[in-house]
Structures are given as C-alpha cells and as structure tokens.
Amino acid sequence: MDDSGWRPVKRTRTFEDVLAQIERRITEDGLTVGDRLPAERQLAEQLGVSRSSVREAMRVLETLGVVSSQVGRGPDAGAVLTSRPDTALSDLLRLHLGLANLEMREVIDARHMIEQWAATLAASARADTSALAAALSGMDTAKSAEEFVEHDTAFHCAIADASGNRLIAAIMRSLRDSMRRYSVEAVQRLGDTSILRADHVRILEAIDSGEAGEAAEAVSEHLAHAYPSLFDH
C-alpha cells in the first residue's frame with residue numbers, strides 16, 4: 001500500500017486550553033449565574049489565542065448549557081453564565097435512547113435508584129410537599145396522556161427537588177425529559193391511571209409523614225406498575 005499521500009496529523013488542543021482557562025476563572029473569580037464573560041475579542045487577546053479558538057470553546061460551553069451567547073457591543077458583549085445543566089443532559093440522553101445506545105431498562109434502573117434515594121432523603125428531612133400535591137392535582141384534571149405525563153413529571157422532579165441535592169434534581173429532570181415519549185406510551189398502554197394516582201398518594205403521604213422506608217418502597221412499586229415489562233424478572 002502506498003502511504004505517500006498521507007501527511008502527519010497535527011493535533012491542536014487550543015480550544016480545550018481555552019475551556020480550562022475559562023473554567024479556572026469562573027472558579028477563582030467566584031462567577032455565578034447571570035455574570036458575563038469578557039467579549040470574544042478581549043478573551044482572545046487575554047489568552048493569546050485566535051478568536052476562532054475562543055469561538056469554538058464558547059460553542060462547546062453553550063451546548064453544555066454553561067453559557068448563553070449574547071450579541072452586542074461594549075458592556076453588552078460577551079456570553080452570560082446560565083444554569084440549565086439538565087437541558088444539555090436530557091438532549092444527550094434522548095439522542096442515545098433514539099440511537100439505541102441506551103436501553104430503556106438502563107434508564108428506568110437509574111431512575112429507580114435515584115428516586116428511591118431522593119424519596120428517602122425527602123421523607124427523613126420532612127421536606128415541603130406542596131409541589132408534589134400541586135402536581136397530583138394536575139394529574140387529576142389531565143385530559144390526555146400527554147398532559148398527565150407533564151404533571152407526573154413535575155411530581156417526580158419535585159421528589160428530587162425535595163432531596164435538596166441540585167445535581168440529583170438536574171439528573172432526574174434529564175431522565176424524565178429524555179423518556180417523555182416512552183412515558184406517554186406507557187400511560188396510553190395502561191389506560192386507567194387510578195393505580196398510578198394511588199401510588200402517587202402513597203408516596204406523598206410517606207414523605208409527608210417522614211416514613212423513609214415506606215417512601216422508597218412506594219417509589220419502587222410505582223415504577224413496577226408504570227413499567228411492568230421491565231420489572232417482570
């Protein structure tokens with residue numbers, strides 16, 4: 001085989017270095033949501049790199065949900081730090097589900113572990129359950145499977161929120177968003193949602209009364225009712 005047409009590939013990591021620098025400055029300067037990063041030109045000059053490298057790094061950060069690009073000049077120039085890690089993660093999970101790189105069994109297993117833990121913690125802390133109660137009311141008046149799943153998602157995300165762990169809450173939202181279509185199909189297959197409502201009431205009451213073990217068990221049985229084929233083993 002004649003290799004004369006090949007040339008050595010030079011790997012460049014400039015944009016990765018830009019990402020590392022931005023991450024370091026965010027940490028060291030104590031930047032938070034709503035703060036603005038320097039404009040593209042200014043960043044390029046400060047870091048001694050091309051504007052294209054800065055632009056590539058910013059595209060990555062925007063995809064990850066870390067920044068939101070802003071068009072403007074002067075004080076309005078530069079990307080703004082945002083807070084939506086669940087959006088980027090749910091997009092990634094949904095893509096992998098669609099490509100069959102992830103099985104629904106794996107997603108439900110992850111949700112099972114996370115939600116049991118969150119319900120246990122919420123019950124132990126006697127967390128506020130008003131958001132769960134509001135979501136339950138929404139499910140009662142839902143006119144379609146899609147509307148039911150919307151409120152059902154709010155209920156389960158509220159459990160994660162009640163755990164007090166923001167990363168767990170973001171992961172739960174990502175899991176629920178990525179499997180929304182499958183959730184609707186599950187509700188449509190089930191037809192009668194009364195058993196799911198009873199499960200939700202049981203979870204709510206267990207968290208409300210501080211019964212951690214009962215809350216975890218209620219979550220487990222609820223998922224078995226919602227996805228019987230995945231728990232039939």
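Residues numbered from 1 in each chain as written. Predicted model: local features only at pLDDT ≥ 70, side-chain atom pairs only at ≥ 80, totals over all residues. Heavy atoms only, no water.

Draft legend 1. Local environment of the overall build of the protein chain. Helices and strands together make up the secondary structure of the protein chain, namely 12 helices and two strands. The order of helices and strands in the protein chain, counted from the N terminus, is α-α-α-β-β-α-α-α-α-α-α-α-α-α. The proportion of buried residues among the 233 residues of the protein chain is 36%. Summing over all exposed atoms, the protein chain offers an accessible surface of approximately 13500 Å²; the carbon and sulfur share of this is 52%. (Helix = DSSP H or I, 4+ residues; strand = E, 2+ residues; numbered from the N terminus. Buried < 20%, exposed > 50% of the residue type's maximum accessible area, 1.4 Å probe, protein only. Areas by Shrake-Rupley, 256 points an atom, 1.4 Å probe, with all protein chains shown as cover.)

Draft legend 2. Expanded view of the pattern of salt bridges. Taken as a whole, this structure holds 13 salt bridges when the rule is applied. Here Arg105 ties to Asp109 by a salt bridge, and the two come within 2.5 Å at their closest N and O atoms. Residue Arg105 and its partner Asp109 are located together in helix 5 (residues 104-124), separated by four residues, close to a single helical turn. Assessed through its relative accessible area of 31%, Asp109 is described here as partly exposed. Taken together, the salt bridges that share partners define one network made up of Arg202, Glu214, Glu217 and Glu221. (Salt bridge = Lys/Arg side-chain N within 4 Å of Asp/Glu carboxyl O.)

Draft legend 3. Examining the side chain of Ser163 more closely. Inspection of the secondary structure puts Ser163 in the loop between helix 7 (145-162) and helix 8 (166-178). Note on Ser163: relative accessible area 10%, which makes it buried.

Draft legend 4. How the structure looks around the nonpolar core. One finds Ile108, Leu132, Phe155, Ile159, Ile203, Ile207 and Tyr227 to be the most contacted residues of the largest nonpolar core, which totals 43 residues. Only helix 5, helix 6 (130-140), helix 7, helix 8, helix 9 (180-190), helix 10 (194-208), helix 11 (212-226) and helix 12 (228-231) provide two or more residues apiece to this core. Looking at this core element by element, the count peaks at nine residues for helix 7. The next biggest cluster of nonpolar side chains, apart from the first, holds 13 residues, and it includes Leu37, Ala44, Val54 and Leu81. (Core = buried A, V, L, I, M, F, W, Y, C linked by side-chain atoms within 4.5 Å.)

Draft legend 5. Region of interest: empty space enclosed by the protein. Inspection of the entire model under this criterion finds one cavity of 30 Å³ or more. Of the voids in this model, the largest cavity is the one considered here, and its volume is about 120 Å³. Lining the largest cavity we find 13 residues, and of these Asp152, Val187, Leu196, Ala226 and Tyr227 sit closest to its centre. Secondary structure elements with two or more residues in the lining of the largest cavity: helix 7, helix 9 and helix 11. Sorting elements by how many residues they give to the lining of the largest cavity places helix 9 first, with four residues. (1 Å grid on protein atoms, 1.4 Å probe; cavity = no way out; pocket = protein on both sides within 12 Å on 5 of 7 lines; lining within 4 Å. Points joined across faces, edges and corners; volume = space filled by probe spheres on them.)

Draft legend 6. Main features of the environment of Ile114. Here Ile114 is to be found in helix 5. When the C-alpha positions of Ile114 and Ala160 are compared, they lie 8.1 Å apart, and in sequence the two are 46 residues distant. Non-local contacts of Ile114, meaning those with residues more than four positions away in its chain, are made with Ile168, Ile171, Met172 and Leu175. (Contact = heavy atoms within 4.5 Å.)

Draft legend 7. Broad picture of helix 11. In a regular helix each residue adds 1.5 Å, so 15 residues correspond to 21 Å; helix 11 covers 21 Å between its end C-alpha atoms and thus fits that length. Taken together, the buried positions of helix 11 are Ala215, Ala216, Ala218, Val219, His222, Leu223 and Ala226. The buried residues of helix 11 occupy an angular sector of 160 degrees when projected down its axis, which confines them to one face. Along its buried surface, helix 11 packs onto helix 5, helix 7, helix 9, helix 10 and helix 12. (Expected span 1.5 Å × (residues − 1). Arc of directions from axis to C-beta.)

Draft legend 8. The arrangement of the confidence of the model for the protein chain in detail. Per-residue confidence for the protein chain gives a mean pLDDT of 83, with 81% of residues at or over 70. Low pLDDT (under 50) marks residues 1-11, which in the prediction has two contacts with non-local residues, meaning those over four places away or in another chain. (pLDDT = per-residue confidence, 0-100.)

Draft legend 9. View of the packing of helix 7 against helix 10. In the contact formed by helix 7 and helix 10, the axes pass within 12 Å of each other and the chain directions differ by 20 degrees. Of the possible angle classes, the one that applies to helix 7 and helix 10 is roughly parallel. Where helix 7 crosses over helix 10, the handedness of that crossing is left-handed. When helix 7 is examined against helix 10, the residues Phe148, Asp152, Phe155, His156 and Ile159 are found in contact with a partner set consisting of Leu196, His200, Ile203, Leu204 and Ile207. Taken together, the residues of the contact of helix 7 with helix 10 sort by class into seven nonpolar, two polar and one charged. (Axes fitted to C-alpha atoms, helices over the stretch in contact; angles between N-to-C directions. Parallel < 35°, antiparallel > 145°, perpendicular 65-115°, else oblique. Left-handed = near helix turned anticlockwise from the far one by under 90°. Nonpolar A, V, L, I, M, F, W, Y, C, P; charged D, E, K, R; others polar.)

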